[in-house]
Amino acid sequence: MSTTSSNMLKVAVVGGEGIGPEVTAEAHRVLRWFVDKRAVPVVLREAQYGIVPYLATGHVMPPDTVEAIEDADAILFGATGGPETKEVPPEVRKAASLLKLRQKYDLYANLRPVVAAPALSEAAPLKASVLEGVNFIILRELTGGIYFGEPRGIETLPDGRRRGFNTEVYTTDKIQRVARTAFELARERRGKVCSVDKANVLEASVLWREEVIALHKAEFSDVELSHMYVDNAAMQIVRAPAQFDVMVTGNIFGDILSDCAAMCSGSLGMLPSASLGPVDRFGKRKALFEPVHGSAPDIAGKGIANPLGSILSVAMMLRLSLDRAQDAALLENAVGTALARGARTADIAEKGARTLNTSGMGDAVIDALNALV
Ligand code: IPM
Ligand code: MG
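This text gives an overview of the structure that appears in the document. (Residues numbered from 1 in each chain as written. Chains lettered and ligands numbered in written order. Predicted model: local features only at pLDDT ≥ 70, side-chain atom pairs only at ≥ 80, totals over all residues. Heavy atoms only, no water.)

## Overview of the packing of aromatic side chains
Summed over all chains, the structure comprises 5 aromatic pairs. Ring centres of Trp-33 and Phe-34 lie 4.9 Å apart, and the angle between their planes is 75 degrees; this geometry places the pair in the edge-to-face category. The class of Trp-33 is buried, set by a relative accessible area of 5%. Summarising the aromatic geometry, the rings of Tyr-49 and Phe-77 are spaced 5.5 Å apart at their centres and angled 65 degrees between planes, so their arrangement reads as edge-to-face. Taken together, the residues Tyr-49 in the loop between strand 2 (42-46) and helix 2 (51-57) and Phe-77 in strand 3 (residues 74-79) connect sequence positions 28 residues apart. (Phe/Tyr/Trp six-rings, centres within 6.5 Å; stacked < 30°, edge-to-face > 60°. Buried < 20%, exposed > 50% of the residue type's maximum accessible area, 1.4 Å probe, protein only. Helix = DSSP H or I, 4+ residues; strand = E, 2+ residues; numbered from the N terminus.)

Structure representation (structure tokens):
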């Protein structure tokens, strides 16, 4: 039995908080479909995270979850956050946070693809003409910048005022490795990289731009490179998003721009993501796959959330961790088919359209998969 295990990808399935468990359950079903019907070599291990295990055991991330994640090649993560999480003391929460996971496994390359589904052009908040041909990736640096920079804190000044402060910081190595990922990605796509920064104001951005230019010149001059300030990039994403192929940027700009870019796909509920660590000496890299949307406390527990962001994250897992590009394309086609057949959760429904709940959308994707093979 254990002789086969070395070829199997170990996947930890961690639904987490808010709508995380609901959407992850559907993505989990879809992944199991690939195990059953397409012999995708995966061992699945479910683990709990967040407020539920905290209230039961005092651990946001119980030892079993720590082990499951440590042992896993890939993690399918749901969401974290929500009002009830206030019951957890901040330091307990911080120590077991998603940010800590990103940091612990050095998951620096956060891929957030943005594709405008033709079937959703009616439901999307942007005009169909703006959305034509939109297919780009935001590559967000995920382990640096102001999210992790020191010093940080809140302090009381001698005169009684309080002062909150954070540090935007990037070192050359962190810029270079994510820029390299961007150029490599672009070579497999349409050959264009747009690097987004705020070099007109921030020194960290000045260095960012210098390093991107230097790497481009040294190794990737076949790729078309452009630069954009982040404020302009935010506008261009809603004005003319089809111009982008690979957009590479730092942690906080990528956080903000990816929510903005979600409007190109119709809903934040549509966006998948992959966070990749460095390649190890066996050629493997730890990866975490999660929808871009958060815990959505307003609809948590109602069973109405859109699971497609999570399901499309499984497609990214098939492609990036399992090297199953055909199966990834099959799943993306199945999602497209389900949408073309009119499957809609509330967030992507045209006015007056019939809506499916979360598991109904999971069914629609699995029906489409069964019809496609
Ligand atoms: C994201 C989220 C996270 C972030 C939160 C949940 C910490 O908004 O992945 O985009 O800010 O990175
Ligand atoms: Mg975000």
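Still to come is the rest of the account.
## A look at the state of the cysteines
Throughout the structure, instances matching the rule amount to 0 disulfides. Cys-264 supplies the cysteine sulfur nearest to Cys-260, a cysteine that is in no disulfide, at a spacing of 7.3 Å. Of the residues examined, Cys-264 reaches a relative accessible area of 1% and is grouped as buried. (Disulfide = S-S within 2.5 Å.)

## A word on empty space enclosed by the protein
Inspection of every chain in the model, using the stated rule, returns 1 cavity of 30 Å³ or more. Its boundaries defined by the atoms lining it, the largest cavity holds a volume of some 50 Å³. Around the largest cavity, the lining residues are Glu-168, Tyr-170, Val-196, Asp-197, Ala-204, Ser-205, Trp-208, Thr-249, Gly-250 and Phe-253. Counting residues per element, the ones that place at least two in the lining of the largest cavity are strand 8 (192-197) and helix 8 (203-219). Of the residues assigned to the lining of the largest cavity, the class counts are 5 nonpolar, 3 polar and 2 charged. (1 Å grid on protein atoms, 1.4 Å probe; cavity = no way out; pocket = protein on both sides within 12 Å on 5 of 7 lines; lining within 4 Å. Points joined across faces, edges and corners; volume = space filled by probe spheres on them. Nonpolar A, V, L, I, M, F, W, Y, C, P; charged D, E, K, R; others polar.)

## Considering the site of ligand 1
Arg-102, Arg-112, Arg-140, Tyr-147 and Asp-255 make up every residue found near ligand 1. Residue Arg-102 places a side-chain N or O atom 2.7 Å away from an oxygen atom belonging to ligand 1. Contact distances for ligand 1 include 2.9 Å between an oxygen atom and a side-chain N or O atom of Asp-255. Computed on the free molecule, ligand 1 has an accessible area of 320 Å², of which 71% lies beneath the protein chains in the complex. Taken together, the residues that form the shell around ligand 1 break down as 1 nonpolar, no polar and 4 charged. (Near = heavy atom within 4 Å. Polar contact = N/O pair within 3.5 Å; in protein donor to acceptor, adjacent residues only side chain to side chain. Areas by Shrake-Rupley, 256 points an atom, 1.4 Å probe, with all protein chains shown as cover.)

## Describing the pattern of salt bridges
Applying the stated rule across the entire model yields 23 salt bridges. A cluster of three or more residues bridged by salt bridges with shared partners is formed by Glu-26, Arg-29 and Asp-363. (Salt bridge = Lys/Arg side-chain N within 4 Å of Asp/Glu carboxyl O.)

## Regarding the pairing of strand 4 (residues 109-115)
Along strand 4, 6 of the 7 residues are buried, which leaves the element largely enclosed by surrounding structure. Direction of pairing for strand 4 relative to strand 5 (residues 135-141): antiparallel, over a ladder of 7 bridges. When the sheet's bridge partners are listed, Val-114 is paired in strand 5 with Phe-136. Both strand 4 and strand 11 (residues 274-276) contribute to a ladder of 3 bridges, which runs antiparallel. Counterpart to Ala-109 in the pairing with strand 11 is Leu-276. (Pairing = 2+ DSSP bridges.)

## Here's the deal with the layout of surface pockets
The computed volume of the largest pocket comes to approximately 990 Å³. For the largest pocket, the lining is made up of 35 residues, of which Pro-113, Ile-137, Met-316, Arg-319 and Glu-332 are closest to its centre. Of all the secondary-structure elements, those providing two or more residues to the lining of the largest pocket are strand 4, strand 5, helix 7 (172-188), helix 11 (308-320) and helix 12 (325-340). A per-class count over the lining of the largest pocket returns 23 nonpolar, 6 polar and 6 charged.

## Points about the packing of helix 12 against helix 13 (residues 358-372)
The contact between helix 12 and helix 13 brings their axes to 8 Å, and the two run at 115 degrees. When the axes of helix 12 and helix 13 are compared, the crossing they make is right-handed. Contacts between helix 12 and helix 13 pair Leu-330, Leu-331, Asn-333, Ala-334, Val-335, Thr-337, Ala-338 and Leu-339 from the former with Met-361, Ala-364, Val-365, Ala-368, Leu-369 and Leu-372 from the latter. Residue composition of the contact of helix 12 with helix 13, by class: 12 nonpolar, 2 polar and no charged. (Axes fitted to C-alpha atoms, helices over the stretch in contact; angles between N-to-C directions. Left-handed = near helix turned anticlockwise from the far one by under 90°. Contact = heavy atoms within 4.5 Å.)

## Structural notes on the packing of helix 1 (residues 20-38) against helix 11
For the pair helix 1 and helix 11, interaxial distance at closest approach is 8 Å and the crossing angle is 40 degrees. Looking at the two axes, helix 1 sits oblique to helix 11. Where helix 1 crosses over helix 11, the handedness of that crossing is right-handed. In this structure, helix 1 contributes Val-23, Thr-24, Glu-26, Ala-27, Val-30, Leu-31 and Phe-34 to the contact, and helix 11 contributes Ser-310, Ile-311, Val-314, Met-317 and Leu-318. When its residues are assigned to classes, the contact of helix 1 with helix 11 shows 9 nonpolar, 2 polar and 1 charged. (Parallel < 35°, antiparallel > 145°, perpendicular 65-115°, else oblique.)

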